[in-house]
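Here is what each chain is made of, one letter per residue.
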Amino acid sequence: MKKSKPAPKSKKPAKAKTIVLVASGDLRQSANETCWPAQAAMEKQLAQAVASLGGKLVRAHPYKPALKHGFIASQKEGLEVFAKIDPKAPVIVAESVWQYSHHVLPGLITHQGPILTVANWSGQWPGLVGMLNLNGGLTKAGVKYSTLWSENFDDAYFLGKLSEWLSTGVCRHKTAHVRSLAKCAVPSKARVLARKIAADLRTKKSIIGVFDEGCMGMYNAIIPDELLFQTGVYKERLSQSALYYAATQVSDDEARAVFDWYKQKGFTFHFGTDEENELTEAQVLQQCKMYVAACRIADEFGCEAIGIQYQQGLKDLIPASDLVEGTLNSSDRPPVKNTAGQVIRAGDPITHFNEVDECAGLDGLLTNRVHKALGQPVENTLHDLRWGDWDKSGTTDDYVWVYLISGAAPAEHHIGGWAGSDGHRQDKMYFRLGGATLRGIAKPGEIVWSRIFVEGGKLKMDLGRAKVVKLPDEETQRRWDATSKVWPIMHAVTYGVTRDQMMARHKANHIQVAYAKSARDADLAMYAKAALAAELGLEVSLCGTKADGKVF
Ligand SMILES: C[C@H](O)[C@@H](O)[C@@H](O)C(=O)CO
């Protein structure tokens, strides 16, 4: 008997490729709980995008009903999660909130499969900031990864890159805006100044005071000592316990004098009476004590710049350090005497690096020296690269970034200086004990932006030029409402660097900014700082263009 031909096999649909999703969160339960809905919404959109390309996104860790969120909330939890992930599986780290990179770094460092970091283009919570921090950490650790961002996860650029990553394990962005300093036309005035400052640093050296190294898992913000030595800068490792104790030793009268100084300058405190939800005089008086203590410790240990971590440890003892930090970064600040009865560095800032970001600390120190020598404003600060959007007021056709930081910017950066600035209570989600921010709207003008980072075991620095634009009050308010309205804001337009180029290249959550008196002054200040960094052994790149679109 002839065997009948077997019926042709029906073609099985190809099995969807499984992609593992991890989401790192904050250490603070209040933040994880509050921010979870935004993360859940983002993950849904991301899963749809992956599915549309034939993949399947599967969470590696569950939503925790008792905690009302599904974030990895500690390093310990991160280790447990990664121990169960197939080491060769493709992994997406999805972020729509501020996260502590050390929760997932150990797992990612040993992971063998493709890694993609993704953030949603939203200002609501610092998700972009969280992803940029993780990218900086992965870069420093030498981990290969790709990165993407999107507003709705359905745009052609995002889907194209995601598809590339799904099929090859890698997706790249064009970064033609980055040029090595060696290829740029550095004016001789900048070179001469750089050599002079570098020689001084090599001979006399300098100290940065670090109040408890390593803030919120920001591994990228720690400069290995060996790399710092080459710059002539050394760390004085200080304890926040010492700062707290010193603050308790400041008299009520001294705190009151600082408080009166703010009021006399026209600074506005938005006071209420409810400690838990409103700013109170008692909170500010404690901040005044911390300011006096910080000045005295900087003086005692000879620190050219200092960084206060605040998160963790100090946050459980005393109101937020932001007002203190912004005040330290201001040239015009309340006088504080040392034990010899001298006013500590009258008329000068004591450069402060927020969240003990040592890369920003070194940058701030160099900025201060360069700007002082050139007769340019010395006040500088870091901001978060928080978000950006097209201007909805029709004032400018340029893409306008929201540079924002959690409360500490020098008053000189704000429209109206001290009188144009105000202090709001820090949100209790992040800052249980409150404390005033030093809020203001950055004044229009020409700025230099920069960032020091660690890659391939080397210190590197990117610098570029930008301007700060003035936007109508409603547009400023829209941007504040879309982010954190109690924090200082800067409307920045980068020259010759698009949004996507900035995101592709930047290796940190923070960006350093300093003003100059004109576009030409800012160009010179940038060249001088870049040349100084190169003199000190950093690998330096200039990004974008001058204000007129010309290359550097
Ligand atoms: C309060 C938050 O934790 C902020 O400090 C955080 O968003 C950052 O500023 C990270 O750079």
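The residue numbering used here restarts from 1 in each chain and proceeds along that chain's sequence as written. Totals for whole chains, interfaces and linings use all residues, but because this is a predicted model, local features are given only for residues with pLDDT of at least 70 and pairs of side-chain atoms are given and counted only at 80 or more. For the side-chain quantities, the full set of heavy atoms in the structure was used; hydrogens and water were omitted.

### Re the overall build of the chain
Consideration 1: Each helix is a run of H or I in the DSSP string that is no shorter than four residues. Each strand is a run of E no shorter than two, and both are numbered from the N terminus. Within the chain, the regular secondary structure consists of 15 helices and 19 strands.
Consideration 2: Using C-alpha atoms as the atom set, the radius of gyration is obtained and then compared with a globule rule of 2.2 Å times the number of residues to the power 0.38. Relative to its length of 552 residues, the chain is compact, with a C-alpha radius of gyration of 24 Å against a globular reference of 24 Å.
Consideration 3: The C-alpha extent of the chain, read off along each of the three principal axes, is 115 × 55 × 50 Å.
Consideration 4: Whether a residue is buried, partly exposed or exposed follows from its accessible area with a 1.4 Å probe, protein chains only, as a fraction of its type maximum: under 20%, in between, or over 50%, in that order. Looking at the chain residue by residue over its 552 residues, the buried ones come to 59%.
Consideration 5: We call two residues contacting when some pair of their heavy atoms lies within 4.5 Å. Counting only contacts in the chain whose residues sit at least 6 apart along the sequence, the fraction spanning at least 24 positions is 79%.
Consideration 6: Only the protein chains shown count as cover for residues, with accessible areas throughout obtained via the Shrake-Rupley method and a probe of 1.4 Å. Element-wise, carbon and sulfur atoms account for 54% of the exposed surface of the chain, whose accessible area totals about 21800 Å².
Consideration 7: By the counting rule applied here, Lys and Arg register as positive and Asp and Glu as negative, while His and the ends of each chain are not counted. The atoms used to mark charge sites are NZ of Lys, CZ of Arg, CG of Asp and CD of Glu. Separation between the mean location of the 68 positive side-chain charges and that of the 60 negative ones in the chain comes to 10 Å.

### As for the pattern of salt bridges
Consideration 1: What counts as a salt bridge is simple: a side-chain nitrogen of Lys or Arg found within 4 Å of a carboxyl oxygen of Asp or Glu. Taken as a whole, this structure holds 38 salt bridges when the rule is applied.
Consideration 2: Put simply, Asp462 and Arg505 hold a salt bridge, and the shortest N to O gap is 2.8 Å. Pair noted here: Asp462 is in strand β16 (residues 458–468) and Arg505 is in helix α14 (residues 499–505), with a separation of 43 residues, a long-range link.
Consideration 3: For Asp462, a relative accessible area of 2% corresponds to the buried category.
Consideration 4: Linking Asp500 and Arg499 is a salt bridge whose minimum nitrogen-to-oxygen distance equals 3.0 Å.

### Focus on the sheet that holds strand β8 (residues 233–238)
Consideration 1: The rule for pairing is simple: two strands pair if DSSP sees at least two bridges between them. Strand order in this open sheet of four strands is β8-β7-β10-β11, and the pairing throughout is parallel. Since the sheet does not close on itself, it has two edges, and those belong to β8 and β11 (351–352), each with one partner.

### Quick notes on the site of the ligand
Consideration 1: Lining the immediate surroundings of the ligand are 14 residues, of which Arg28, Glu355, Asp384, Asn509 and His510 lie closest.
Consideration 2: Between the ligand and Glu355, the relevant distance is 2.5 Å, taken from an oxygen atom to a side-chain nitrogen or oxygen of the residue.
Consideration 3: Polar contacts, as used here, are pairs of N or O atoms within 3.5 Å; protein pairs need one atom able to donate a hydrogen and one able to accept it. Residues neighboring in sequence count only if both atoms are side-chain atoms. His510 places a polar side-chain atom, nitrogen or oxygen, 2.9 Å from an oxygen atom of the ligand.
Consideration 4: Throughout, the protein atoms alone are placed on a 1 Å grid, and a set of points is a cavity if a 1.4 Å probe fits but cannot get out or a pocket if it is open with protein on both sides within 12 Å along at least five of seven lines; lining residues have an atom within 4 Å of a point. If over half the atoms of a molecule are within 2 Å of the grid points of a cavity or pocket, the molecule is regarded as sitting in it. The cavity where the ligand resides is the largest cavity.
Consideration 5: Basically, the charged four are Asp, Glu, Lys and Arg, the nonpolar ten are Ala, Val, Leu, Ile, Met, Phe, Trp, Tyr, Cys and Pro, and anything else, Gly included, counts as polar. Its residues placed into classes, the shell around the ligand shows eight nonpolar, three polar and three charged.
Consideration 6: If you count residues domain by domain, the shell around the ligand takes at least three from each of domain 1 (17–168) and domain 2 (182–543). Residues are labelled near a given molecule or strand when at least one of their non-hydrogen atoms is within 4 Å of it. Either an automatic procedure or a domain database provided the assignment from which the domain bounds are taken.

### Details of helix α2 (residues 75–83)
Because an α-helix completes one turn every 3.6 residues, residues spaced three or four positions apart along the sequence face the same direction.
Consideration 1: Taken as a whole, α2 has its buried residues at Glu77, Gly78, Val81 and Phe82. The buried residues of α2 occupy one face: seen down the axis, they fall within an arc of 130°. Of the exposed residues in α2, those oriented more than 90 degrees away from the buried face are Lys76 and Ala83.
Consideration 2: At its buried positions, α2 is contacted by β1 (17–22) and α3 (105–110). Starting at the helix axis, one direction is taken to each C-beta atom, and the arc is that of these directions.

### Observations regarding the domain arrangement of the chain
Consideration 1: Domain boundaries in the chain define domain 1 (17–168) and domain 2 (182–543).
Consideration 2: For domain 1 and domain 2, the distance between their C-alpha centres works out to 29 Å.
Consideration 3: In this assembly, 32 residues from domain 1 lie in contact with 32 residues from domain 2.
Consideration 4: Interface area, domain 1 with domain 2, both sides summed: about 2900 Å², of which 62% is carbon and sulfur.
Consideration 5: The term buried area refers to how much accessible surface (probe radius 1.4 Å) is lost by two components on association, counted for both of them together. On the domain 1 side of the interface with domain 2, the three residues burying the most area are Trp121, Leu132 and Lys140, jointly 27% of the side's total.
Consideration 6: Counting the contacts that link domain 1 with domain 2 gives 14 residue pairs in polar contact (both at pLDDT 80 or more).

### Description of the pairing of strand β7 (residues 206–211)
Consideration 1: Among the six residues in β7, five count as buried, and that is most of the element.
Consideration 2: By the bridge criterion, six bridges tie β7 to β8 in an arrangement that is parallel. Looking at β8, one finds that Val210 is bridged to Arg237.

### A short note on the sheet that holds β1
Consideration 1: Taken together, five strands build an open sheet; the order of strands is β2-β1-β3-β4-β5 and the sheet is parallel. Each having just a single partner strand, β2 (55–59) and β5 (146–150) make up the two edges of the open sheet. Neighbouring strand axes in the sheet, compared pairwise and without regard to direction, differ in orientation by 30° on average.
Consideration 2: On top of the sheet, helix α1 (residues 29–52) reaches β1, β2, β3 (91–95) and β4 (115–120); it is set at about 155° to β2, its chief contact. Between the N-to-C directions of two axes lies an angle of 0 to 180 degrees, each axis being a line fitted to C-alpha atoms and, for a helix, fitted only over the stretch in contact.

### Some remarks on empty space enclosed by the protein
Consideration 1: Grid points are joined across faces, edges and corners, and a volume is the space filled by probe spheres set on the points. Inspection of every chain in the model, using the stated rule, returns three cavities of 30 Å³ or more.
Consideration 2: Counted as a void, the largest cavity has a volume near 210 Å³.
Consideration 3: Looking at the largest cavity, it is lined by 18 residues, and the ones nearest its centre are Met216, Gln311, Glu355, Ser406 and Phe431.
Consideration 4: Partitioning the lining of the largest cavity into residue classes produces eight nonpolar, five polar and five charged.
Consideration 5: Viewed by domain, the lining of the largest cavity spans two of them, domain 1 (17–168) and domain 2 (182–543), each represented by three or more residues.

### Overview of the packing of aromatic side chains
Consideration 1: Any pair of Phe, Tyr and Trp rings, taking the six-membered ring for Trp, is counted once the centres come within 6.5 Å. Such a pair is stacked with planes under 30 degrees apart, edge-to-face with planes over 60 apart, and tilted for the rest. The full count for this structure, using the stated rule, is 22 aromatic pairs.
Consideration 2: Centre to centre, the rings of Trp36 and Phe71 are 5.2 Å apart; their planes meet at 90°, and the pair counts as edge-to-face. Of the two residues, Trp36 sits in helix α1 while Phe71 sits in the loop between β2 and α2, which places them 35 residues apart along the sequence.
Consideration 3: Taking relative accessible area as the criterion, Phe71 reaches 0% and is therefore assigned buried.
Consideration 4: Ring centres of Tyr262 and Phe267 lie 5.8 Å apart, and the angle between their planes is 45°; on these two criteria the pair is classed as tilted. Considered together, Tyr262 and Phe267 belong to a single accessibility category, that of buried residues.
Consideration 5: Of note, Lys140 hangs over the ring of Tyr219, and the distance from its end group to the ring centre comes to 4.0 Å.
Consideration 6: Geometrically, a charge over a ring is one whose NZ (Lys) or CZ (Arg) sits within 6 Å of the ring centre while staying within 35 degrees of the ring normal. In this structure, Arg439 packs its charged tip against the face of Trp480, placed 3.9 Å from the ring centre.

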